[in-house]
Number of protein chains: 2
Amino acid sequence: MLNIAMLPSPLDFSTSYLSTSTIVALCVFFGLLCSCIIVGHLLEENRWANESITALLLGLCSGVVVLLVTKFRSTKILIFSEDLFFLYLLPPIIFNAGFQDKKKQFFRNFITILLFGVLGTVISFCLISLGAFLLFTRIGITNLGIKDHLAIGAILSATDSVCTLQVLSQDETPLLYSIVFGEGVVNDATSIVLFNSVQTLNFSTMNAITALKLLGTFFYLFCTSTALGIIVGLLSAYIIKTLYFGRHSTDREVALMMLMAYLSYMIAELLNLSGILTIFFCGIVMSHYTWHNVTGSSRTTTKHAFATISFIAETFIFLYVGMDAFDVDKWKTSKASIGTSVAVSSTLIALVLIGRAAFVFSIANITNCTKTRESAKIEFRSQFIIWWAGLMRGAVTIALSYNQFSKSEIASTEDSALMITSTIILVLFSTVVFGSITKPLIEAVKLRQSKPAISDSTDNQEDLRLLFLESNCSINQTNHHESQSRRRSSLSLMIRHPTTTVHYFWRKFDDKFMRPVFGGRGFIPAVPGSPPAEEEIS
Amino acid sequence: MLNIAMLPSPLDFSTSYLSTSTIVALCVFFGLLCSCIIVGHLLEENRWANESITALLLGLCSGVVVLLVTKFRSTKILIFSEDLFFLYLLPPIIFNAGFQDKKKQFFRNFITILLFGVLGTVISFCLISLGAFLLFTRIGITNLGIKDHLAIGAILSATDSVCTLQVLSQDETPLLYSIVFGEGVVNDATSIVLFNSVQTLNFSTMNAITALKLLGTFFYLFCTSTALGIIVGLLSAYIIKTLYFGRHSTDREVALMMLMAYLSYMIAELLNLSGILTIFFCGIVMSHYTWHNVTGSSRTTTKHAFATISFIAETFIFLYVGMDAFDVDKWKTSKASIGTSVAVSSTLIALVLIGRAAFVFSIANITNCTKTRESAKIEFRSQFIIWWAGLMRGAVTIALSYNQFSKSEIASTEDSALMITSTIILVLFSTVVFGSITKPLIEAVKLRQSKPAISDSTDNQEDLRLLFLESNCSINQTNHHESQSRRRSSLSLMIRHPTTTVHYFWRKFDDKFMRPVFGGRGFIPAVPGSPPAEEEIS
């Protein structure tokens, strides 16, 4: 009997504390996780493979093995539990994304990232929902309601850009990297918030007011969740700075950071906010303030421990998706012919391609129009890479799809099962096919792209230096006229590069008010008798 | 409704992914964990308090609050799940114990530790079982069988020496520290193995053969579990040394160490061995070989991450025990008068005191007889500290007690409930009362104890240096007669100090055969293009 739930099942007291099936499942999964790491390491130099593909393929293989061992009865080693996913696997992944994020680039390109991540996702959501609504009835799927179509839009808008990030270099193409990374994270959060908003609303009558309500709920969730994450992050920084835990124990610092990050997620969920957004911003604040308040070994530990946990969670999810693809029961329930399956899956893939193309190219060109300098514009090659980077679908898509379509209350369980199997096909196809040609494709495209991005960043730095000089001069004013002309130039600079100057004023505010209170780089408290700070790592 | 299970409960899809009660429970627990860390830090210098006591008292307070909030209906925020304990909380604690253990001292005092940890626990088990068998019928508890009495022996033999270790200094009293630490770990494993052995046997007829069978099962479990742990540990060392993961990613190394340690535990449970012993020896082997094969940042990360996870798990358990003490249902089920409750609890405490005294003083005096030098003997003060160090009862006791007595199949549920409540009282009393006077008591006792322990260790080192000189001389023999007399002294040394010389020969074997294959200190592979090893930390 392999068909069991992984987490606490009714206990079998006869022989041991733990039921044998739970142990078998855990053994298989941990063994496979180890294999994934080893195989992924061996394939590191391979241009077609990456960690996600390795885990998916290993999962598929073990799915086949289990299918053969159980004689085509079941491939389920463990039942997919959304609790497992949303309580234990997703939070560390998203927290680590915020924690490892390069804040400078993220905030420098903040407006572009928000445009792609929020507005873009909303556009993609609308297009895919509309497309599903119009096309699915033609294929013969008639039992889905408006809520389901909107949910499909949210589900398919969640991208998975892990594989692209392994290929893009942060040093060669900082602008591109920061846009793809930032958009990927904001996009995850946006689509989950959209999905939640769809769930809470009543769609008995679809009209303009409902659409406005959806938008209102979305922005309410977005702002409150962000605020909560920032508050918890600042609180952790303040506690660790004031009490200086490193004096007694490094482990307490690390434990407190882990626990408070997780607590922020749980509080958000308790208040019906978006835990994902909260923990993401908590991660950003923690790496900006808290991380600088702890001892050197705590810094190394948190940096690598969070990355490791996130890495394990991601690998686990892909492994699971791979194993789940051969779930016989689901295929039987859907009752769809191969033709219908293929039609639905291709429709979904086409919608993903079109939905993303629609907003990437339009938003990129609109932002290009607002910029005067040629170097600050996003050229077509970059637009293409941004478009491609968001075609993969991953863990969030699968989890949301299960959440929406594994309920028994929906009228037609056949169509729901079909939606789940189609989502799995979409994830498999996009990860394996799109994923494996990403490395060669980007290498071919980005050749001449690296140059403008670097000059762009140095240009910005020059502007900033100008601004900085000006603010220094205003203190020891030597020439009133010169200063005034410079002030005018500062104003025009702000109009030309709003993000850059917002970033500059934020830095001033941060240095003057925030860091003295919450600590941060260069503001580590010097408590008498404290151990000397160890070498800072990266 | 606060009365819920913490891990996956039936999902409530109406509002969010997660059921509200799960989120409330997680919020409360993570909030309390954070408070424990902060309060524990503030009370660090306090001579009466420690982490366990803080967590217990905080748990008690929140138990009272929940009791008042729910109007005396329930204090259960989460149901105690043995799966939670044995799958997720205990393995990291035990693994960390093996991982952070100072191998040199552990193996130098190996025989003494084994005598205390294995033979001592068996003696304590026999005495407590016998005492329970003889005394409980007099108090009026007649519904317990032989198996229950033997289980009580195993349950009460599991010590919790966390608090003592916080007081003893590894540098001042190395011998004492290593005996208390080593005994604590071996004792945990022994009592769990004993408990398992009791569970598997058929006690319809209690005779000499059953006792022999029990002993046989015990030693079989002990040896096979140890071997498995060593094999998995060596495998991890070999894989990481051969593939040199640090070349690509530090996180992969850390992930592989975590996963393989956990895998060793699961494999042992799958084979019906003792996972605790396996993961303990896996931790020892990993810290001796694997830890030296990884990059500097991986070393820092694993060292602190394992300690942090273990610390969180321990705090969680004490917090839970504190909250659970006010569980109204359990007190109602037991139906015992306050008199009976007090009588049973005092009996248990008395049995623990006597059971431990019986083996500590006898074994210490027997080992003293075999030693000729005055300095190598364990003097009475040390014996007293060793005795006191093992009086606290903690997580393992609670978990085993739940496992034995929360089954519904036992004839009398009243007596079972009484056993659980009495165990909780025992744990609370021993942790809070014995625990809080440990610091002052040990400080008062150990004053003049530190001297002999240091001279003992230096004496041994001198003996070893003699031995080492001798083995060098035998190569370039200058004087045949001198060499022979030295060889004779080596033989007599081995008879006088068997552990020391076993340790010496092990070192030779390790350097010659093990380290070249599995890596270890000074045997880090020099792969071309590998990053330079960072500064080693402690």
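- Per an unreviewed UniProt entry, chain A goes by Sodium/hydrogen exchanger and derives from Cicer arietinum.
- Database annotation for chain A, UniProt heading Sequence similarities (unreviewed entry): "Belongs to the monovalent cation:proton antiporter 1 (CPA1) transporter (TC 2.A.36) family."

**Quick notes on the overall build of chain A**
Point 1. A tally of regular secondary structure across chain A gives 21 helices and zero strands.
Point 2. When the 538 residues of chain A are sorted by exposure, 61% land in the buried category.
Point 3. Here the analysis covers contacts within chain A between residues at least 6 apart in sequence; of these, 82% occur between residues at least 24 apart.
Point 4. Surface summary for chain A: the accessible area is close to 21,800 Å², and the carbon and sulfur share equals 66%.

**Some points on the interface of chain B and chain A**
Point 1. Chain B puts 70 residues into the contact, and the matching count from chain A is 70 residues.
Point 2. For the pair chain B and chain A, the two sides together bury roughly 6,700 Å², of which 73% comes from carbon and sulfur.
Point 3. The tally of links from chain B across to chain A stands at zero salt bridges.
Point 4. Every element with two or more residues in the side of chain B that touches chain A is listed here: α1 (20-42), α3 (82-100), α8 (174-200), α9 (208-243), α10 (250-270), α12 (296-324) and α16 (395-405) of chain B.
Point 5. With 15 residues, α10(B) is the largest single contributor of residues to the side of chain B that touches chain A.

**Considerations on α9(B)**
Residues separated by three or four positions in an α-helix point in the same direction, a consequence of the helix having 3.6 residues per turn.
Point 1. Between its first and last C-alpha atoms α9(B) spans 53 Å; for 36 residues at 1.5 Å apiece the expected length is 52 Å, and the two agree.
Point 2. Positive phi shows up at Tyr244(B), right after α9(B), with a value of about 45°.

**A word on the packing of helix α5 (residues 110-139) of chain B against helix α6 (residues 146-157) of chain B**
All names here are of chain B.
Point 1. The interhelical angle for the contact between α5 and α6, taken along N-to-C directions, is 130°, at an axis separation of 8 Å. When the axis of α5 is compared with that of α6, the two are oblique. In this structure, α5 meets α6 at a crossing whose hand is right-handed. Together, Thr121, Ser124, Phe125, Ile128, Ser129, Ala132, Phe133 and Phe136 of α5 and His149, Leu150, Ile152, Gly153, Ala154, Leu156 and Ser157 of α6 make up the contact between the two elements.
Point 2. Split by residue class, the contact of α5 with α6 holds nine nonpolar, six polar and no charged.

**As for the relation of the copies chain B and chain A**
Point 1. Rotating chain B by 180° about the axis while translating it 0.0 Å along that axis superimposes it on chain A, leaving an RMSD of 0.0 Å. Such a turn and shift between the copies fits a two-fold axis. Proximity to the rotation axis, assessed at the C-alpha, singles out Thr301(B) in chain B; its C-alpha lies 2.1 Å from the axis.
Point 2. Comparing interface residues between copies, 100% of those in chain B also lie at the interface in chain A; the contact surface is shared.

**Structural notes on the state of the cysteines**
Point 1. The tally for this structure, following the rule as stated, stands at zero disulfides over all chains.
Point 2. The closest cysteine sulfur to the non-disulfide-bonded Cys61(A) is located on Cys36(A), 10 Å from its own sulfur.
Point 3. Taking the relative accessible area as the measure of exposure, Cys61(A) reaches 48% and is therefore partly exposed.
Point 4. No disulfide involves Cys34(B); its sulfur sits 9.3 Å from the nearest other cysteine sulfur, which is in Cys36(B).
Point 5. Cys34(B) sits in the buried class, given a relative accessible area of 6%.

**Regarding the confidence of the model for chain A**
Residue and element names in this part refer to chain A.
Point 1. When pLDDT is averaged along chain A, the result is 77; 78% of the residues meet or exceed 70.
Point 2. The model gives residues 1-16 a pLDDT under 50, and that stretch makes 41 contacts with residues more than four places away or in other chains.
Point 3. This model gives residues 448-479 a pLDDT under 50, and the stretch forms 44 contacts once residues within four places in sequence are excluded.
Point 4. Confidence estimates for the predicted assembly give a pTM of 0.80 and an ipTM of 0.79.

**Section: α5(B)**
All names here are of chain B.
Point 1. Between its first and last C-alpha, α5 extends 41 Å over 30 residues, near the 44 Å set by a 1.5 Å rise per residue.
Point 2. Most pronounced at glycine 120, the bend in α5 amounts to some 30°.
Point 3. Directly after α5, the chain includes glycine 140, whose backbone phi takes a positive value near 115°.

**A closer look at the packing of aromatic side chains**
Residue and element names in this part refer to chain A.
Point 1. This model, assessed by the stated rule, comprises 42 aromatic pairs over all chains.
Point 2. Taken together, a centroid distance of 5.7 Å and an interplanar angle of 50° make the contact between phenylalanine 384 and tryptophan 387 tilted. Within this pair, phenylalanine 384 and its partner tryptophan 387 are both found in helix α15 (residues 380-389), separated by three residues, close to a single helical turn.
Point 3. Of the aromatic side chains, those joined through ring pairs into one cluster are Phe361, Phe380, Phe384, Trp387, Trp388, Phe429 and Phe434.
Point 4. Arginine 299 extends its terminal NZ or CZ atom over the ring of tryptophan 291, reaching a point 5.8 Å from the ring centre.

**So, the environment of Pro92(B)**
Residues and elements named next belong to chain B.
Point 1. Examined against the element boundaries, proline 92 turns out to sit in helix α3.
Point 2. What makes proline 92 buried here is its relative accessible area of 17%.
Point 3. In sequence terms proline 92 and lysine 241 are 149 residues apart; their C-alpha atoms lie 24 Å from each other.
Point 4. Dropping the residues within four chain positions of it, proline 92 is found in contact with Ile309 and Ser310.

**What to know about the side chain of Thr112(A)**
Point 1. Here Thr112(A) lies in helix α5 (residues 110-139).
Point 2. For Thr112(A), the residues in contact, after removing those within four places along its chain, are Ile179(A), Lys371(A) and Ile378(A).

**Regarding the side chain of Arg356(A)**
Residues and elements named next belong to chain A.
Point 1. Examined against the element boundaries, arginine 356 turns out to sit in helix α14 (residues 338-370).
Point 2. The exposure class of arginine 356 is buried, given its relative accessible area of 2%.
Point 3. Those residues in contact with arginine 356, other than ones at most four positions away along the chain, are Thr159, Glu183, Ile386, Trp387, Gly390 and Leu391.

**Digging into the nonpolar core**
Point 1. Of all hydrophobic cores here, the largest spans 284 residues; its most connected members are Ile152(A) and Ile152(B).
Point 2. Setting aside anything within four residues of it in sequence, one finds Ile152(A) in contact with Ile128(A), Ala132(A), Phe136(A), Leu144(A), Leu348(A), Phe405(A) and Met419(A).

**Quick look at a nonpolar patch on the surface**
Residues and elements named next belong to chain A.
Point 1. There is a patch of nonpolar side chains on the surface, built from Leu130, Phe133, Leu134, Leu135 and Ile146 and spanning about 440 Å² of accessible area.
Point 2. The greatest single-element share of the nonpolar patch, amounting to four residues, is contributed by α5.
Point 3. Tracing the sequence through the fold places leucine 135 in helix α5.

Calculation rules
- Residues numbered from 1 in each chain as written.
- Chains lettered and ligands numbered in written order.
- Predicted model: local features only at pLDDT ≥ 70, side-chain atom pairs only at ≥ 80, totals over all residues.
- Heavy atoms only, no water.
- UniProt positions renumbered as here; feature names shortened; annotations may be inferred.
- Helix = DSSP H or I, 4+ residues; strand = E, 2+ residues; numbered from the N terminus.
- Buried < 20%, exposed > 50% of the residue type's maximum accessible area, 1.4 Å probe, protein only.
- Contact = heavy atoms within 4.5 Å.
- Areas by Shrake-Rupley, 256 points an atom, 1.4 Å probe, with all protein chains shown as cover.
- Buried area = accessible area lost by both parts, 1.4 Å probe.
- Salt bridge = Lys/Arg side-chain N within 4 Å of Asp/Glu carboxyl O.
- Expected span 1.5 Å × (residues − 1).
- Axes fitted to C-alpha atoms, helices over the stretch in contact; angles between N-to-C directions.
- Parallel < 35°, antiparallel > 145°, perpendicular 65-115°, else oblique.
- Left-handed = near helix turned anticlockwise from the far one by under 90°.
- Nonpolar A, V, L, I, M, F, W, Y, C, P; charged D, E, K, R; others polar.
- Least-squares fit on C-alpha atoms with pLDDT ≥ 70 in both.
- Disulfide = S-S within 2.5 Å.
- pLDDT = per-residue confidence, 0-100.
- Bend = angle between axes of the 7 residues up to and from the residue.
- Phe/Tyr/Trp six-rings, centres within 6.5 Å; stacked < 30°, edge-to-face > 60°.
- Lys NZ or Arg CZ within 6 Å of the ring centre and 35° of its normal.
- Core = buried A, V, L, I, M, F, W, Y, C linked by side-chain atoms within 4.5 Å.
- Patch = residues over 30% accessible without salt bridge, like charges linked within 9 Å, V, L, I, M, F, W, Y side chains within 5 Å.

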